[in-house]
Amino acid sequence: MNFYKAQNNIDKSCEFDENLYLLRQLDFFSDLPLETIKIFAYLCIRETYTRDDYLFQQNIDDGKAFYIISGHVKLICNDEKEEQLIRIYEKGVFLGGLALVGKIPRLFSLKALTKAVCLTITREKFLKAVRQLPELMPNVFQSIVESIYTSERVFFYKHAKNCQYCKQKTILTFL
Amino acid sequence: MKNKSFSILNKSLFSWSFSGQIKLQIILVLIICITVFIRVIPLEMQKRIVNEAIKLRNADLLLIYSGIYFVSIVFAGILKYLSNICQTIISQRALSNMRKDFYDHILTLPVTFFRTTSPGMVVTTLINELASAGEYAGIAIAVPITSILSLLVFFIYLIYLNSTLGLVSLVIYPVVIFLIPFLQKKASAANRKRMDITRNLSNKITESIAGIHEIQANGAFAIETFKFNKIVDKLYKIRIKWNLFKFSIKASNNFFNNLSPFIIFIIGGYLSINGRLELGVLVVFLSVQEKLFDPWKELIEYYQTYQDALVRYKKAIEYFDEDPFGVLEPAGRDPYIFNGKLEVKDLSFATDDGVILLDKINFSINPGEHLAIIGFSGSGKSTLIHCINKLYKYTGGHVYIDGKEVKDLSIKDVALNIGFVSQTPYLFDATIKENLLYSYMSDKISCLESLGNCPTLDDLVKVLQETDMFIDVLHFGLNTILSSEKYHDLISVIVAIRNKFIRLYGDNLSDYVEFFDETKYQYNCSIYENLVFGVPNQKAPNEKGMDDRAFFINFLNETGLTKPLEELGIALATQVVNILKNLPYEGIFFEQSPISYDEFEEYKLLVDQIKKSDHKVTSIQQKKILELALRFTPGKHKVIALSDNIEKMILKGRKLFRNKVITGAPGRFSFYKISDYLYSQSILNNIIFGKVKDINPFAKQKITQHIVQLFVEEDILERIIEIGMEFTVGSKGEKLSGGQRQKIAIARIILKDPGYLIMDEATSSLDNKSQARIQNLINSKKGKVTIISVVHRLNIIKNFDKIAVMKASKIVEMGTYKELIANKGILYELLQSSK
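In this text the structure is predicted, and so the values were computed from the model without any measurement.

Trainee: So what exactly am I meant to see when it comes to the overall build of chain B here?
Mentor: When helices and strands are tallied, chain B shows 32 helices and 14 strands. Of all 835 residues assigned to chain B, the portion counted as buried reaches 35%. Counted over contacts in chain B with a minimum sequence separation of 6, partners at least 24 positions apart contribute 78%.

Next comes the structure, spelled out in structure tokens:
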């Protein structure tokens, strides 16, 4: 509780405190010192999307990461003819961490299925903050490497078990 | 302007004095001749007054000679004034001609020249260095004629008075004539060095300003300061040296001039004592020595000015000693209008160092065909199109348009037929409209001079729509604050649209807009705005200047808000300082902060002091703290929460403030009323009558869609676009995004409507939607406009008639999309690897 709250007996929590609480729950940030997470909690912005709003669009490098606070969003792939649903995400999911460290156009689109509130941070803010706090880089890289490794491990053992072609394509962790 | 550029490089400094000013120079010489002879009259009168009037004690003669003396000095004064006027006109005319001609010449220099030349050097040369050359032009004839003639007349007169003493008084001049040029030579050498170092300094400054992002991002202040200081120190030393030589010239000159009366006293006195010289003549000799000083001084100064101007002028010529990239206008014919095919035969381009960037390129495209050039980085794509567009002089082979060799064409032939859009287009610091008309006006002087022949508003709107710039311009229009004088007819229409907007869409848009409501706290407004709930009509207290006004202080004290706001301000400052203290002072980190980056140090210190004093604040500290609290906007600054208690106090305060204004300061504020236009607010804010919540990236887009619908119904959409086109884009278009800059660059070429269009990755910064729109536009030009486009996105090349793939300075494959895919060559591989 900060000084102002103590002085004024405020029970209202501010958005910054709520953001701080949420970020401390995320693997991507949880290992960082509290003072550093505070910076990211401050730099994050809450965005509210209504149904059918795009959070990000295929082939576009929006350079943003999202944490879904409430609502449902769908990951879709638009080919030339139609929209293919890949999966649905709900609150508590952190998406797009990779976009924070480098330019990548999205392979998919993320669209709001219901009204959704997300905590977002842009690559520009993230990288500029990291540049000032270089001690963060090992954590950031470790976090990214771990998520790539976990994804590929799950894919290899769970889904590619009976598919020779899929096995041949699991090469991300060799990169 | 025809071929004029070439002559500038051969023009002597002296010639600027005569160029178009011969009549004025003749008048000046006449005035000078009369002046010089008039200047002898007072000397003769001096002699006669002493030798005749005084000696003979004749008062009449005294009056006559004194009268003539007086009239002659009045005349001499008037003539001197007239000659100064003539010199000023000549000098300023020469300077402006010089600047105009140099500027014309610089604009036509090849692009390669500007790659190695800093803008700072060009600015310094045009503004400073040429100024002394212009100054010289004014005195080039006048001063030497005046001085030499004066000296000559005085010497003849002295020899006429007494030949021995006359010759003695000339003794010192040979010494001076040898010494002064010697010193001046040294001064000129130092001056040349000074100019070179100044040029380095100007390059350094330009480089630092251009690369300020890198410097700040790397914290490289020490490196930059070290480099800068090194040059400044060099400049300091050479300037001292230069000035020392200049002062030596002045000092020697003064010494010799003071020496001449001494010689006259010694020799003249001796002759006079021996009765070989009349007293009146000795007086005249002494007087002339004084008078000789002026023309002699002027002559020496002239010599210095000439040497200085010559050094600067020669350096300026040396800096810009390059041939223009072509003849400006065709000789003896109208510019060509091409409509034939474009052929490239054995085209080669090598740099001065011999690096081959294009190696025997061959292709041809028919009129109206579209060619895409793709390839690896550094393969020569941009060099190729720069050669076709005559921006580079190709070193081998041929480029033919409609059978005419490009390198033989005049610049006007090329500009009239070929439109060029670069990857990083340059926008001028002007309005969107002026930038749109730039290419169009380049060959339509009547439009430039507002004499007609300009595109209509419909033409401009059409091109904005075609290039997907319409909505951007609409936003600029919506964000404009209208002046009541210029747009008085729009005011009532906008208020009517506001009412309709709230009535029709208020409920639907309540997630995106916080509408003004007198009974509610506005979370997207600052505390100050919540209290005032209106706008000042004149210079009235605001959150910055509020402590200067007893009115607002009294109000805060009366409502009991001072203490709670002070506590809020301290909490806010403490929290922001605590979070941001380890971050650099960059704008991006302060977007969500009520403290700006330039105030941060001040507030950091303030927080520290308040903490040490156990939260007791001085009146100065209170001022800063209240200022911060009053700008606190809960919907934007999320680092602390606003208590319900303060909210209630502010709502109560809002009513009290209104009453206080109505009774104590009527007319000073306009309060938010649904029926009144808010003159301090933009068109958008007037229509939505509230604040857009900063929670949805699409909020403004959705609101705009509804507003556009109402604009169409009220028939003012084009009017708002017209207002939007008055938006000033800033230096190099810095107020626009990269995509917007590219869209305007494409729009201005489309408006020009050339027969041939060359694009160098012209859509690289566009999003998919804009890219698609531009691609449709390009497709619509098939069969009408011949297009060569360097393309970076492979997904759009299908639409081109031909595709050329470049690698290592050569075209390695070329054909239709189908042919190249069927061949399974490089394009095929590139497409496969990008999947």
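Now that the structure is up, let's keep going.
Trainee: Would you take a moment to explain the interface of chain B and chain A for this structure?
Mentor: Between chain B and chain A, the contact holds 24 residues from the first and 27 residues from the second. Ranked by residues supplied to the side of chain B that touches chain A, first place goes to helix α22 (residues 562–580) of chain B with 6 residues.

Trainee: Can you walk me through the confidence of the model for chain A in this structure?
Mentor: Reading predicted coordinates in detail is not appropriate for stretches of low pLDDT. All names here are of chain A. Taken residue by residue, chain A gives an average pLDDT of 84. The fraction at 70 or more is 90%. Model confidence for chain A, summarised as mean pLDDT per element, is weakest for helix α1 (residues 3–8) at 47 and strongest for strand β3 (residues 64–70) at 95. Low pLDDT, under 50, characterises residues 6–10; the stretch is placed with 7 contacts to residues that sit more than four places away or in other chains.

Trainee: Can you help me understand the sheet that holds strand β11 (residues 756–760) of chain B in this one?
Mentor: Two pairing modes exist for strands in a sheet, parallel and antiparallel, and in both the strands are linked by backbone hydrogen bonds. Residue and element names in this part refer to chain B. One open sheet accounts for 6 strands, arranged β6-β11-β12-β3-β13-β14; its pairing is mixed. On the outer flanks of this sheet lie β6 (418–421) and β14 (810–815), each paired with one strand and no other. Strand-to-strand, the axes of this sheet are offset by a mean angle of 15°, without reference to chain direction. Sitting on the sheet, helix α12 (residues 381–388) touches β3 (370–375), β11, β12 (786–790) and β13 (802–807), and the angle it makes with β12 is about 150°.

Trainee: Mind showing me how you'd approach the nonpolar core here?
Mentor: As a rule of thumb, soluble globular proteins bury nonpolar side chains together. Among the nonpolar cores identified, the biggest contains 97 residues, and B:Ile373, B:Cys387, B:Ile388, B:Val473, B:Ala747, B:Ile758 and B:Ile803 are the most heavily contacted of them. Among the elements that take part in this core, helix α29 (residues 738–752) of chain B stands out by supplying 7 residues, more than any other. Ignoring sequence-local partners within four residues, the contact set of B:Val473 consists of B:Ile432, B:Leu464, B:Ile721, B:Gly724 and B:Met725. Residues A:Leu23, B:Phe533, B:Ala571 and B:Phe657 belong to the second largest nonpolar core, which totals 72 residues.

Trainee: Quick question: what am I supposed to make of the pairing of strand β4 (residues 73–78) of chain A here?
Mentor: Working note: regular strand, side chains alternate between the two faces of the sheet. Residues and elements named next belong to chain A. One ladder, built from 6 bridges, connects β4 with strand β5 (residues 83–89); its direction is antiparallel. Residue pairing for β5: Leu75 is matched across the bridge by Arg87. Across 4 bridges, the pairing between β4 and strand β7 (residues 109–112) is antiparallel. Looking at β7, one finds that Val73 is bridged to Ala112.

Trainee: So what exactly am I meant to see when it comes to the packing of helix α19 (residues 488–505) of chain B against helix α27 (residues 699–714) of chain B here?
Mentor: The description of two helices packed together rests on the angle between their axes and the distance between the axes. Residue and element names in this part refer to chain B. Remark: α19 packs on α27, axes separated minimally by 10 Å, with the N-to-C direction vectors making an angle of 130°. Classified by the angle between their axes, α19 and α27 sit oblique to one another. Once α19 is placed against α27, the crossing between them reads as right-handed. Taking contact as the criterion, the partners of Val493, Ile497, Lys500, Phe501 and Tyr505 in α19 are, on α27, His706, Ile707, Leu710 and Glu714. In terms of residue class, the contact of α19 with α27 is built from 6 nonpolar, 1 polar and 2 charged.

Trainee: What exactly am I supposed to notice about helix α5 (residues 119–139) of chain B here?
Mentor: The periodicity of an α-helix, 3.6 residues per turn, causes residues three or four places apart in sequence to face the same way. All names here are of chain B. Under the 1.5 Å per step criterion, the end-to-end length of α5 is 30 Å for 21 residues, consistent within 8% with the ideal 30 Å. Roughly 40° is the biggest bend found in α5, and it falls at Leu130. Every buried residue of α5 is listed here: Gly120, Val122, Thr124, Thr125, Glu129, Leu130, Ala133, Gly134, Tyr136, Ala137, Gly138 and Ile139. Those residues of α5 hidden inside the fold are in contact with α3 (59–107), α6 (142–161), α8 (172–210) and α11 (279–319).

Trainee: Explanation requested: the packing of α3(B) against α5(B) in the structure shown.
Mentor: Residue and element names in this part refer to chain B. It is the contact of α3 with α5, at a shortest axis distance of 8 Å, that shows an interaxial angle of 145°. Between α3 and α5 the crossing geometry is right-handed. Residues Gln87, Thr88, Ile90, Ser91, Gln92, Ala94, Leu95, Met98, Arg99, Phe102, Tyr103 and Ile106 of α3 pack against Val122, Leu126, Leu130, Ala131, Ala133, Gly134, Glu135, Ala137, Gly138 and Ile139 of α5. Grouping the constituent residues of the contact of α3 with α5 by class yields 14 nonpolar, 6 polar and 2 charged.

Trainee: Please explain unusual backbone geometry as it appears in this structure.
Mentor: Glycine aside, residues mostly have negative phi, and peptide bonds are mostly found in the trans state. Residue and element names in this part refer to chain B. Even without glycine at this site, Lys390 takes up a positive phi of about 65°. Overall, Lys390 belongs to the buried group, with 24 C-beta atoms counted inside 10 Å. For Phe533, which is not glycine, the phi dihedral falls at a positive 50°. Residue position: Phe533 is located in the loop between α20 (527–532) and β8 (534–536).

Trainee: I would appreciate a short explanation of the environment of B:Tyr394 in the present structure.
Mentor: Residues and elements named next belong to chain B. Mapped onto the fold, Tyr394 is located in the loop between α12 and β4 (396–401). What makes Tyr394 buried here is the crowd of 24 C-beta atoms within 10 Å. When the C-alpha positions of Tyr394 and Lys407 are compared, they lie 7.9 Å apart, and in sequence the two are 13 residues distant. Excluding residues within four positions of it along the chain, Tyr394 makes contact with Leu347, Ser348, Phe349, Cys387, Val399 and Lys407.

Trainee: Can you help me understand the pairing of β7(A) in this one?
Mentor: Alignment of strand β2 (residues 54–56) of chain A against β7(A), held across 2 bridges, turns out to be antiparallel. If you follow A:Tyr54 over to β7(A), its bridge partner there is A:Lys111.

Trainee: So what exactly am I meant to see when it comes to the sheet that holds strand β5 (residues 404–405) of chain B here?
Mentor: Residues and elements named next belong to chain B. If you trace the 4 strands from one edge of the open sheet to the other, you get β2-β1-β4-β5, paired in antiparallel fashion. Because the sheet does not close on itself, it has two edges, and the strands there are β2 (356–365) and β5. Pairing of strand β1 (residues 342–350) with β2 involves 6 bridges; the strand directions are antiparallel. From the neighbouring strand, Val344 faces β2, where its bridge partner is Phe363. Of the strands in this sheet, β1, β2 and β4 are in contact with α12, which crosses β2 at around 60°.

Trainee: Could you clarify how one ought to interpret α27(B) in this entry?
Mentor: Residues and elements named next belong to chain B. For α27, with 16 residues, the first-to-last C-alpha span of 23 Å sits near the 22 Å given by 1.5 Å per residue. Buried within α27 are the following residues: Ile703, Ile707, Leu710 and Phe711. When α27 is viewed along its axis, its buried side chains cluster within an angular range of 105° and face the same direction. Along α27, exposed side chains directed more than 90 degrees from the buried face belong to Gln701, Gln705, Val712 and Glu713. For α27, the secondary structure elements touched by its buried residues are α19, β7 (513–515), α26 (683–688), β10 (690–692) and α28 (717–724). Following α27 by one or two positions, Asp715 adopts a phi angle in the positive range, close to 60°.

About the thresholds
Residues numbered from 1 in each chain as written. Chains lettered and ligands numbered in written order. Predicted model: local features only at pLDDT ≥ 70, side-chain atom pairs only at ≥ 80, totals over all residues. Helix = DSSP H or I, 4+ residues; strand = E, 2+ residues; numbered from the N terminus. Buried ≥ 20, exposed ≤ 12 C-beta atoms within 10 Å, placed from the backbone. Contact = placed C-beta atoms within 7 Å. pLDDT = per-residue confidence, 0-100. Pairing = 2+ DSSP bridges. Axes fitted to C-alpha atoms, helices over the stretch in contact; angles between N-to-C directions. Core = buried A, V, L, I, M, F, W, Y, C linked by C-beta atoms within 7 Å. Parallel < 35°, antiparallel > 145°, perpendicular 65-115°, else oblique. Left-handed = near helix turned anticlockwise from the far one by under 90°. Nonpolar A, V, L, I, M, F, W, Y, C, P; charged D, E, K, R; others polar. Expected span 1.5 Å × (residues − 1). Bend = angle between axes of the 7 residues up to and from the residue. Arc of directions from axis to C-beta.

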